[in-house]
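In case you want the letters, here they are:
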Amino acid sequence: MNRLWSAAFAFVLAIGGGSAALAQVPAPPPADPGPPLSGYPRKALRAPTAAELKTATYVRDVIYGHRDGMALTYDVFKPVKKANGALVVNMVSAGWRSQWAPPEERQARYQALIDKGFTVVALYHASAPRFAVPDAVTDVRLGMRHIKLHAADYGADPARIGVWGASAGGHLALVAGMMADDGDPAAANPLERRGNRIAAVVAYFPPTDLVTLLQGRPKFDAINFDEKLRASVSPLFSVDARDPPTLMLHGDADRGVPPAQSEAMKSALDKVGVENRLTMFAGADHDFYVKGDPVRTDAYATEAMTAMVAWFEGHLRK
């Protein structure tokens, strides 16, 4: 019997190195879920945990203006502990569609900032397909005036406001930074007499020059507007030396918004001496997506979020 067992064990060793070797068979690669929403890491797209929900309180549906009789709003996420007095505005926009969701469903996207003590604002604009890019630009510029005016009401310093967004949201984040001003004293709307300058910008794979980007593209939804207005809603053409420190992150294989869009913005900021940095992710398409490699995609998205938080820590915290 012992000889039979020994022979069987020797056969197993011969074909696979024993049970230890069999246990080392590589697991199949994880299924590719496709591009992540707006370049978020997977952990930020889940529902928040019960513990996370206890880390923030909300100021809901703050009205900053109206368009066609409809309210324009934002939601505020206030950290419960160790608030650092700085505020980060997230431009909620993908394809210039601004889709509202209850704060308790969206919180995981902002948890990395909340955990560092940042107050976060989810800013919504009049959305495609009914409204176009110029409408979104007008809305967010107005919204930033309201947020800056009321920052102290949310426990934040109006001099320490940053803006962050991805894709269309990245475009609008750059609009907030490069197209900011000190207000128009002659404006009919009292809010437009207020300034909306900010202290830092982070933009993921942003459109910066709509003249070039939209050339030859079919007009539909948000990009169906007068071609003569394209330059006026392109942050690239509003760069000056008063612009805030800007971080851009882009995939070098992005087919939706070519990396040349961020490269052009970096060059423009360099020329006027504004602090900026551009990080390129090798092989990443739009949304930091690497087809067939969800692990690498998520690693890029996680790296981007870490860099975003660090940029605001470096430029907004006292």
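In this text the structure is predicted, and so the values were computed from the model without any measurement. (Residues numbered from 1 in each chain as written. Predicted model: local features only at pLDDT ≥ 70, side-chain atom pairs only at ≥ 80, totals over all residues. Heavy atoms only, no water.)

Describing the overall build of the protein chain
Secondary structure summary: the protein chain contains 10 helices and eight strands in total. Counting only C-alpha atoms and orienting by the principal axes, one finds that the protein chain spans roughly 100 × 50 × 40 Å. The 318 residues of the protein chain split such that 51% are buried. Long-range pairs, those at least 24 residues apart, make up 77% of the contacts in the protein chain with a sequence separation of at least 6. About 14,900 Å² of surface is accessible on the protein chain, with carbon and sulfur atoms providing 56% of the total. (Helix = DSSP H or I, 4+ residues; strand = E, 2+ residues; numbered from the N terminus. Buried < 20%, exposed > 50% of the residue type's maximum accessible area, 1.4 Å probe, protein only. Contact = heavy atoms within 4.5 Å. Areas by Shrake-Rupley, 256 points an atom, 1.4 Å probe, with all protein chains shown as cover.)

Comments concerning the sheet that holds strand S3 (residues 87-91)
Read across the sheet, eight strands follow the order S1-S2-S4-S3-S5-S6-S7-S8 without closing on themselves; strand pairing throughout is mixed. Either end of the sheet is taken by a strand with one partner, and the two such strands are strand S1 (56-67) and strand S8 (276-281). Taking the axes of each pair of neighbouring strands and ignoring which way they run, one obtains an average angle of 15° across the sheet. As judged from the five bridges shared by strand S5 (residues 161-166) and strand S6 (residues 200-204), these two strands associate in the parallel manner. Opposite Gly 162, over in S6, you have Ala 200 as the bridge partner. Along the sheet, helix H7 (residues 168-178) contacts S3, S5, S6 and strand S7 (246-251); its crossing angle with S5, the most-contacted strand, is approximately 150°. Across the sheet, helix H10 (residues 294-316) touches S3, S5, S6, S7 and S8, and the angle it forms with S6 is around 170°. (Pairing = 2+ DSSP bridges. Axes fitted to C-alpha atoms, helices over the stretch in contact; angles between N-to-C directions.)

Structural notes on the pattern of salt bridges
This structure, assessed with the given rule, holds 16 salt bridges. Across the salt bridge formed by Arg 60 and Glu 104, the nearest N and O atoms sit 3.0 Å from each other. Of this pair, Arg 60 sits in strand S1 while Glu 104 sits in helix H4 (residues 103-106), placing them 44 residues apart in sequence. The class for Arg 60 is partly exposed, based on a relative accessible area of 44%. Owing to a relative accessible area of 32%, Glu 104 belongs among the partly exposed residues under this scheme. In this structure, Asp 157 and Arg 160 form a salt bridge, with 3.4 Å as the shortest nitrogen-oxygen distance. For Arg 160, a relative accessible area of 12% puts it in the buried group. (Salt bridge = Lys/Arg side-chain N within 4 Å of Asp/Glu carboxyl O.)

A few points about the side chain of Asn 84
With respect to the helices, strands and loops of the structure, Asn 84 is situated in the loop between strand S2 (70-79) and S3. From its side chain, Asn 84 meets the backbone oxygen of Lys 116 in a polar contact 3.0 Å long. (Polar contact = N/O pair within 3.5 Å; in protein donor to acceptor, adjacent residues only side chain to side chain.)

Some remarks on the pairing of S3
Of all five residues in S3, five are buried; the element is thus mostly enclosed. As paired strands, S3 and strand S4 (residues 119-123) are joined by five bridges and run parallel to one another. From the neighbouring strand, Val 88 faces S4, where its bridge partner is Val 120. Strand direction decides the pairing type here: S3 and S5, joined by four bridges, are parallel. Across the sheet, residue Val 88 finds its bridge partner in S5, namely Gly 162.

Here's the deal with the pairing of S2
Most of S2 sits inside the fold, with seven of its 10 residues counted as buried. When S1 meets S2, the two strands line up antiparallel, connected through nine bridges. Bridge assignment links Val 62 to a residue of S2, and that residue is Tyr 74. Hairpin connection between S1 and S2: a loop of two residues separates the two successive antiparallel strands, and Asp 68 in this loop has a positive phi of roughly 50°. Taken together, the four bridges between S2 and S4 define a ladder with antiparallel strand orientation.

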